[in-house]
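Architecture and fold: a report
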Amino acid sequence: MASVPTQTSDRPARSALLIAGGCGIVAALIVLGVLGSVPLAATFLATAVVLGGALVAFRRLFPATANVTLEPDWSVARALAESSADAIAVTDRAGRLVCANDRYEAVFAGFPTPPGLPFDASGVERLSAAGRAAWRDGAATAGRLIAQGTSLTADVARAGEDGNLLVWRFRGSEGLDLARTMEALIAGPTGDRLGGAGIMAALINPDGRIRAANRVLRARAMGEGDSPILGRDFARFLITDAQGMARFEREGMTRNPLRVLQIPFLDGEDAPMLVALIDEEDGGQPAIGESASAHIKSLVALMPFGVALIGADGRFLQMNDAFARAAAVDPTSPPLYPGDLLVREDKGVVADAIRRFAGGATHSTDLAVRLKDHPDEPVALSIAGARGLGEAAVLLSLKDNSEETRLKREVAQATKMQAVGQLAGGVAHDFNNILTAIIGHCDLMLMRHSPGDSDYDDIQQIRANSNRAASLTRQLLAFSRQQTLRPQVLQLPDVISEVSNLLKRLLGETVTLTVKHGRNLSPVRADPGQLEQVVVNLAVNARDAMITHDPRGAGTLSIQTYAVTAADVRKLASDILPPADYSVLEIGDTGGGIPAEILPKIFEPFFTTKEVGKGTGLGLSTVYGIVKQSGGYIFAENRKDPSGDASGRSAQGAVFTMYLPVYTEGALNEPTPPRPAPREKPVDLWGTGTILLVEDEDMVRAVAERALSRQGYTVLTAENGEAALELLEANPRPDLLISDVMMPLMDGPTMVRHARARYPDLPILFMSGYAEETLRKSINLDNVSFLAKPFSVQELAEATRVVLGTK
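Everything quoted here is computed from the prediction, not taken from an experiment.

Moving on: the pattern of salt bridges. Any two side chains of opposite charge can pair if their charged atoms end up close together. Here the structure, examined in full by the defined rule, presents 15 salt bridges. For Arg-136, the salt bridge identified is with Asp-137, shortest N-O distance 3.2 Å. Notably, a salt bridge pairs Arg-543 with Asp-544, separated by 3.3 Å at the nearest N-O pair. Connected through salt bridges with shared partners, the residues Glu-695, Asp-740 and Lys-789 form a single ionic network.

Written out as structure tokens, the structure is:
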């Protein structure tokens, strides 16, 4: 697959100039209209133009902050494309293919670049014209594109932030799969079974040539041992008599005539047609007895797509298994009318259409209807008049959307979880800044109060609640996969052994803990402390679920570990879990299980089914984030526990299954830096020297400045990176630079690189509300220390003293 080149944009500079100029014109008009002063209006306009020019010059002086790198997340785009039944591709302005789904590869036998696709000359020309029109107008459509005998329609749309991409969507591509399936069925054993029932079947392309035929038809049309029939004109094998009855040409007029049934199983005039031939009985009189009915029922039952026959009275005559499966028909109480399957609002429309086609209406129609068992998911129902199908007057076709719907739900859930994770990480970062200010001010106030003062206990309570809030932000960072992890190579049984004693105390005496380890377990790479937190969180939730299910709190918590190979994963046929070797940790309980409507939401932050005050809704969110940040996958499901309870009844329980990838030496490109040895906290926190403090949050900057000044340091403050560089030029070299990492205009690492160009040995202390591992790539500099927010005045003083003491 091709990749999208990095693109830059100077639109912020142009926008700044336009905004400044626009503001200047508006201000000038207001002054001119209200005060009538032409010189004053001209002064406003000139000032705005000068400011706009200064902004443009600043953007060009600092291209790293002015340029915006546009890097589409093609993994998300491809995941969304995979949920569609259409063939989808994306090309860039240079005409290169940058993304395509598997359907596109299957339809076009690889990844050719549009518009150079395997169509005929006129089709390629129509597709090229649609591409040019899409670049010009934003969208275009090209129809009647024939691929492998099936008609496709191409929708081309311009996309991208700068309109530099084209999205090519080929509708009707699902028909290719159905056509291939029909080919295999007709030419294989299924075709032989049709022949045994007296049915000759062929698949005919739109140009009338044979695409597939069963053995009986080949023998009747050409005789045994003749040349291949595929690709031949089907009409040349038939002749008609004076009454219009059809016969095989090679058999002449002496044999019984043939009943020809044409079944349009795909929409569109250019779609292939299924043709079935049945010998008429009684010298050419239409066969309406049991033999013909048996032929028709055999044909409908063998169709791989959902088909149902409706009589003139509007009742079901027959439906095949595919139709029953797509319509979720209860076999114990089959419906009498098609309307019995639909919601009340759609019954009238379908009934009217069936009456119209039963009365002789031609062609066919497609309706979007809602099944009463799935009212939120419309399905496509095709209705056509039936001719030559015995008692049947109307033919219904229903597409089974269950697999497509499942994929759409999974992609939507994955996209939602990603978006919520980004939101949670941003909220945690901003909240950490607020908590830093609150905790810092509490520390400064405690320095002026002693135990026993009237305000001392209140300040301590504020500080304690702030620390509780800080623990919540750490859980949010865990969900958004931005917490600090110290991964190690470990064995899952060792982790379970470390935490088993704690689990027994947490579960109580009424819950039985069973642990079972599989053989040939391979090591994994994870943070042992965080993995223990995963086990504890799941165990506590299981305990609460069992207490809710049984007031006595009796139950069993089972923990299992076992190995899963790549071959085993392929057998699972999961769309989420990629084939690889995994070590699996499974935790199950014998509680009441998880309700189906709640199951998709359980990993979302702040979602909880517990009573108010008994849960924050972050336990499973933390579990999800830790597992995903460790490179693993976690699934939750309900199951029947065959062991049952004391009375012998089977108990419904929930099971959480974690797949952690097997660690192999050298599998990771970037090894995690070794954890630094803990430094001894300095006893004396007083110091001297000049510190340059750079922080864009006013409240954090004020607290840090006061805290450092109380420790004896001279503090210079700057609200952003540009102001810090100006202070470096105007003042002597500082002894320490303390900076936030994420700041507007110029971030901390960029500012530090400019400062190091002037003072190469300048010690740096970064502080941030994000985890150090999340920022590791951007702060990958020598002689750099890190302080996580929120921090106390004591922690800031200790970190400063340590950095200055080791410089």
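Within the element layout of this structure, Asn-214 appears in the loop between strand 7 (210-213) and helix 9 (215-222). With relative accessibility at 0%, the residue Asn-214 sits in the buried group. If near-sequence neighbours (up to four positions away) are discounted, Asn-214 is found in contact with Ile-186, Gly-191, Leu-194, Gly-195, Ile-199, Met-200 and Ala-201.

Here we come to a nonpolar patch on the surface. A contiguous nonpolar surface patch, about 450 Å² in accessible area, is contributed by Val-427, Phe-431, Ile-434, Ile-438, Ile-462 and Met-699. Examining the composition of the nonpolar patch, we find that four residues originate from one element, helix 13 (residues 402-446), more than from any other. Tracing the backbone shows Ile-434 in helix 13. Among the residues examined, Ile-434 registers a relative accessible area of 34% and is labelled partly exposed.

What follows concerns the nonpolar core. Judged by nonpolar contacts, the single largest core of 38 residues is most densely connected at Leu-557 and Phe-656. It is helix 16 (residues 528-549) that contributes the most residues to this core, eight residues altogether. What Phe-656 contacts, discounting residues up to four positions off in sequence, is Leu-538, Leu-585, Glu-586, Ile-587, Ile-594, Ile-602, Phe-603, Leu-620, Ile-634, Phe-635 and Ala-636.

Another point: helix 8 (residues 189-196). Within helix 8, the full set of buried residues consists of Thr-190, Gly-191, Leu-194 and Gly-195. The arc that holds the buried residues of helix 8, viewed along the axis, is 145 degrees, so those residues lie on one side. Projecting away from the buried face of helix 8 at angles above 90 degrees are the exposed residues Pro-189, Arg-193 and Gly-196. Just past helix 8, the residue Gly-198 takes up positive phi, approximately 85 degrees.

Criteria and thresholds
- Residues numbered from 1 in each chain as written.
- Predicted model: local features only at pLDDT ≥ 70, side-chain atom pairs only at ≥ 80, totals over all residues.
- Heavy atoms only, no water.
- Salt bridge = Lys/Arg side-chain N within 4 Å of Asp/Glu carboxyl O.
- Helix = DSSP H or I, 4+ residues; strand = E, 2+ residues; numbered from the N terminus.
- Buried < 20%, exposed > 50% of the residue type's maximum accessible area, 1.4 Å probe, protein only.
- Contact = heavy atoms within 4.5 Å.
- Patch = residues over 30% accessible without salt bridge, like charges linked within 9 Å, V, L, I, M, F, W, Y side chains within 5 Å.
- Areas by Shrake-Rupley, 256 points an atom, 1.4 Å probe, with all protein chains shown as cover.
- Core = buried A, V, L, I, M, F, W, Y, C linked by side-chain atoms within 4.5 Å.
- Arc of directions from axis to C-beta.

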